Amino acid sequence: MNKDIVVQKYGGSSVANIERIKAVAQRIVSYKTNRQDVVVVVSAMADTTDELEQLAFGVAQNPSEREMDMLMSTGEQISCALLAMAVKELGFDAISFTGAQVGIKTDKSYTKAKIVKIDARRIRKALSANQIVIVAGFQGVTHDDDITTLGRGGSDLTAVALAKALTAKVCEIYTDVEGIYTTDPRIDKNARKIPLIMFDEMLEMASLGAQVMQPRSIEVAKKFNITLHVRSSYSKEEGTMIVKENEKMEGVVVRGIACNKSEAKITICGVPDKPGVAAKIFTEISKVGVSVDTIVQNVSHTRQTDISFTVPKASLNKALQTTQAVAKKIGAGEVMYDKNIARVSIVGSGMRSYPGVAAKMFQTLAENKINIEMITTSEISISCVINQSLSDKAVQTLHKKFNLQKV
């Protein structure tokens, strides 16, 4: 009889030190004792990724992306080998693998590679030999056998992709919080744990700044309908189930509030108001690999207009240089930037059928003297770009206004 396969992913804080690694080993073994096959994906130990990055920039001003992937992938290999040793110490057989060893093939987009296919035969062979399989997350290999990484938070993607390849019963994401909350509990202590959330809502929250899961991993889980269970590695409590749809979810207008403080705004003044100019600007920016988010263009009354847009803070210098060059080419005016912005968003699938949600959000911010610089909407979210110094206040007041606090 085939045993159920459970895929588990443990984040960096869950394997931060020897004591935590031993605690994770105990938890894994408890599943094996319950006659389940266990495949575990681990991140690098807490802070390791940042330390490796510092080393790289210590020796090179602009390290090559291929070599960065070679370096960054080592963090996960350390934690997966240590975890396998800890499991063996408890009297259970375990084996650790790199992404390459378990057949995770990717494209050649270094530092943000996409998984092309997974050959799970080696994992299945180890499971049939009654071994607990521990896989280094965040990494794969190209067809030329070059090591690649899957972007920050990529271990989530490894776990979801393996759950699909192995047709696992569930994919459990272990972290240092007890699930998905209505907002960041560090910003509002009255944040409430959400027991059940839809893929669309979770994807929107993750994309807009909630840092519990990597957005790409949720996209894959949604595509293949893989149930995700986000829970704490510090307790046995049930966490948050991320699912396709559920009748219990009807009627919730706003599910949660996200805040992203890692963006910057660029404004090009005096842009000639003629066809094709915006295309020129954003084509040049895309060529240097910078992703643009919110774009606002003022109405022109003088054959000139201002265009503002947001980019990740990490890409600001690159985006600024390119923008200044293209502004010169098209005969635009000054290029300005602002690093002190934040995006505050409300998310909920119920917005589709409830009018007046946007008005309520804008009114709440106005009552609290919080000026809105930019607005963007989707079918299930509304985002406002505001001054970063007011972002915590904005989150707290909106959280209260939409009745999301603990009961």
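None of the values given here were measured: they were computed from a predicted structure.

A.B. asks: Account for helix 1 (residues 18–33), naming residues and giving values.
C.D. replies: For helix 1, built from 16 residues, the straight-helix expectation of 22 Å at 1.5 Å per residue is met to within 8% by its first-to-last C-alpha distance of 23 Å. Of the positions making up helix 1, those classed as buried are Arg 20, Ile 21, Val 24, Ala 25, Arg 27, Ile 28, Val 29, Tyr 31 and Lys 32. For helix 1, the side-chain oxygen to backbone nitrogen distance between the N-cap and Glu 19 is 3.2 Å, and the N-cap itself is Asn 17.

A.B. asks: Tell me about the state of the cysteines, and please be specific about residues and values.
C.D. replies: Scanning the model with the defined rule gives 0 disulfides in all. Distance from the sulfur of Cys 80, which forms no disulfide, to the nearest cysteine sulfur (Cys 171) is 17 Å. What makes Cys 80 buried here is its relative accessible area of 3%. Free cysteine: Cys 384, not disulfide-bonded; nearest cysteine sulfur from Cys 259 at 12 Å.

A.B. asks: Describe in detail the packing of aromatic side chains, supporting the description with residues and values.
C.D. replies: For the structure shown, the criterion picks out 2 aromatic pairs. Taking 4.6 Å as the distance between ring centres and 10 degrees as the angle between the ring planes, the aromatic pair formed by Tyr 10 and Tyr 174 counts as stacked. Here Tyr 10, found in strand 1 (residues 5–10), pairs with Tyr 174, found in strand 9 (residues 170–175); they are 164 residues apart in sequence, far enough to count as distant. Accessibility classification places Tyr 10 together with Tyr 174 in one group, the buried group. The residue whose ring lies beneath Lys 164 is Phe 224, and the NZ or CZ to ring-centre distance is 4.8 Å.

A.B. asks: Break down unusual backbone geometry for me, with residues and values.
C.D. replies: The phi torsion at Thr 167 lies on the positive side, around 45 degrees, for a residue other than glycine. Secondary-structure assignment places Thr 167 in the loop between helix 5 (154–165) and strand 9. Since its relative accessible area comes to 66%, Thr 167 is described here as exposed. Located in the positive-phi region is Lys 369, a residue other than glycine, with phi close to 55 degrees.

Rules of the game
- By convention here, each chain's residues receive numbers from 1 onward along its written sequence.
- Where local features are concerned, this predicted model is filtered to residues with pLDDT of at least 70; where side-chain atom pairs are given and counted, the filter is 80 or more; whole-chain, interface and lining totals use all residues.
- The side-chain quantities take in all heavy atoms of the structure and omit both hydrogens and water.
- Counting from the N terminus, the helices are the DSSP runs of H or I reaching at least four residues and the strands are the DSSP runs of E reaching at least two.
- Take the number of residues in a helix, subtract one, and multiply by 1.5 Å to get its expected span.
- Type-normalised accessible area, obtained with a 1.4 Å probe on protein chains alone, sets the label of each residue: buried when under 20%, exposed when over 50%, and partly exposed for intermediate values.
- Polar contacts here mean pairs of N or O atoms no more than 3.5 Å apart (in protein, one a potential hydrogen donor and the other a potential acceptor; neighbouring residues in sequence count only if both atoms are side-chain atoms).
- Here, the term disulfide refers to a pair of cysteine sulfur atoms separated by no more than 2.5 Å.
- We call Phe, Tyr and Trp rings a pair once their centres come within 6.5 Å, taking the six-membered ring for Trp, and we label the pair stacked below 30 degrees between planes, edge-to-face above 60, and tilted otherwise.
- A ring has a charge above it when a Lys NZ or an Arg CZ is no more than 6 Å from the ring centre and no more than 35 degrees off the ring normal.

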